[in-house]
Amino acid sequence: MIINEIFLSVQGEGIYTGVPSVFVRVAGCNLNCPWCDSAYAKSDESGTEISNSSLLEQIQEYNVEHVVITGGEPTIYAEELKDLCGKLNSLRKKITIETNSTIYVDCNPHLLSLSPKLYQGWDEDILKKNLSKNCDIQIKIVVDSIEEAVDALKRIEKFNIEKEKIFLMPNAVTRDKHIRGAAWLVPFCCKNNVRFGGRLQTLLWNSEKGK
Ligand code: SF4
């Protein structure tokens, strides 16, 4: 896989927020969201090819159980991702794969963290396949207005997902924008009984690379 960065931090989003984790960020993505919070990893020229055996060595240097494979978009490296996942499973690591859910990969993470984009590459068939996987699932949808939040809820209603596993997240790459987004999204979430998804990495580090 072409890797943009490997670093240790705490998970900033979703059910494992605050859990120390090694982040493996691949370089390259099949989408081009204008508000990407990891734009520095969107191009596959933004990284270096690293073999899975070398990745495993680097991951094991950190004494933590959780490994988050993120991007960019990890599923564009389907075969390598499958292989890495199998190897990390044998080491009893708890793997989270963060994906935009446009590509299905037959692998077994502990948590599949789906972040389909409302207006970029939304694919109901792939989403359905991913949601039926035999692993923990969470779904995080970035929204930028009440209309988008309403649209997000309408789109996922049909999938019958447990409420606690759905997060609406503010579109925010900066701390200020996160605070402004939370100001309308938290009341929306309370009114509609849906989980608000904060972004700790944005609040703490302003989405700085490597944190
Ligand atoms: S799918 Fe994710 S990594 Fe790719 S452009 Fe969109 S926000 Fe960025």
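Here, every reference points to the structure presented above.
Residues numbered from 1 in each chain as written. Predicted model: local features only at pLDDT ≥ 70, side-chain atom pairs only at ≥ 80, totals over all residues.

**Student:** What's the story with the overall build of the protein chain in this structure? I'm lost.
**Tutor:** In terms of helices and strands, the protein chain carries six helices and nine strands. Computed over its C-alpha atoms, the radius of gyration of the protein chain comes to 16 Å, within 12% of the 17 Å expected for a compact globule of 211 residues. Each of the three principal axes of the protein chain carries a C-alpha extent, and together these read 50 × 35 × 30 Å. In the protein chain, which comprises 211 residues, the proportion classed as buried is 39%. Considering only intrachain contacts with a sequence separation of at least 6, the fraction spanning at least 24 residues in the protein chain is 64%. (Helix = DSSP H or I, 4+ residues; strand = E, 2+ residues; numbered from the N terminus. Rg over C-alpha atoms; globule rule 2.2 N^0.38 Å. Buried ≥ 20, exposed ≤ 12 C-beta atoms within 10 Å, placed from the backbone. Contact = placed C-beta atoms within 7 Å.)

**Student:** Whenever I open this one, the site of the ligand confuses me. Can you help?
**Tutor:** The ligand sits among C29, L31, N32, C33, C36, S38, K42, G71, G72, E73, N100 and K117. Tallied by class, the residues present in the shell around the ligand amount to four nonpolar, five polar and three charged. (Near = placed C-beta within 6 Å. Nonpolar A, V, L, I, M, F, W, Y, C, P; charged D, E, K, R; others polar.)

**Student:** Looking at this structure, I do not really get the nonpolar core. What am I missing?
**Tutor:** Nonpolar side chains tend to gather and get buried jointly when the protein is soluble and globular. Ranked by internal contacts, the top residues of the largest apolar core, which has 38 residues, are V24, V67, I69, L81, I141, V143 and L168. Residues contacting V24, with those up to four places away along its chain left out, are I3, I6, L55, I59, V67 and I69. (Core = buried A, V, L, I, M, F, W, Y, C linked by C-beta atoms within 7 Å.)

**Student:** Explain unusual backbone geometry here, please?
**Tutor:** With the exception of glycine, most residues fall at negative phi, and the peptide bonds are largely trans. Omega for the peptide link from G71 to G72 comes to 15°, which places this bond in the cis form. Structurally, G72 is set in the loop between β4 (66-70) and α2 (78-90). Notably, N160 is not glycine yet its phi reads approximately 55°, a positive angle. Residue position: N160 is located in the loop between α4 (146-157) and β8 (166-170). For N160, a count of 7 C-beta atoms within 10 Å translates into the label exposed. Residue S207 is not a glycine yet carries a positive backbone phi of 60°. Locating S207 in the fold gives a position in the segment after α6 (200-205). By C-beta crowding, S207 is classed as buried, having 22 other C-beta atoms within 10 Å.

**Student:** Could you clarify how one ought to interpret the sheet that holds strand β2 (residues 20-26) in this entry?
**Tutor:** Strand pairing in a sheet relies on backbone hydrogen bonds, with the paired strands running either antiparallel or parallel. Read across the sheet, nine strands follow the order β3-β1-β2-β4-β5-β6-β7-β8-β9 without closing on themselves; strand pairing throughout is mixed. Two strands bound the open sheet, and with one partner strand each, they are β3 (48-49) and β9 (195-196). The pairing of strand β7 (residues 136-143) with β8 spans five bridges and is classified as parallel. Bridge pairing in β8 places I139 opposite I166. Against the sheet, α4 engages β7 and β8, with an angle of about 150° to β7. (Pairing = 2+ DSSP bridges. Axes fitted to C-alpha atoms, helices over the stretch in contact; angles between N-to-C directions.)

**Student:** How should the environment of K191 be read in this particular structure?
**Tutor:** Note on placement: K191 falls in helix α5 (residues 175-192). Between the C-alpha atom of K191 and that of C135, which follows or precedes it by 56 residues, the distance is 30 Å.

**Student:** It is not clear to me how the pairing of β7 should be interpreted in this structure. Could you clarify?
**Tutor:** Each regular strand shows side chains that alternate between the opposite faces of the sheet. Counting buried residues along β7, six of its eight residues qualify, which places the element largely inside the surrounding structure. In terms of strand pairing, strand β6 (residues 111-114) meets β7 through four bridges, oriented parallel. Within β7, the residue paired with L114 across the bridge is I139. Between the parallel pair β6 and β7, the chain is carried across by helix α3 (residues 124-131), and the sense of this crossover is right-handed. One crossover worth recording links β7 to the parallel β8 by way of α4, and it is right-handed. (Right-handed = clockwise from strand over helix to strand, strands pointing away.)

Keep in mind these numbers describe shape, not what the thing actually does.
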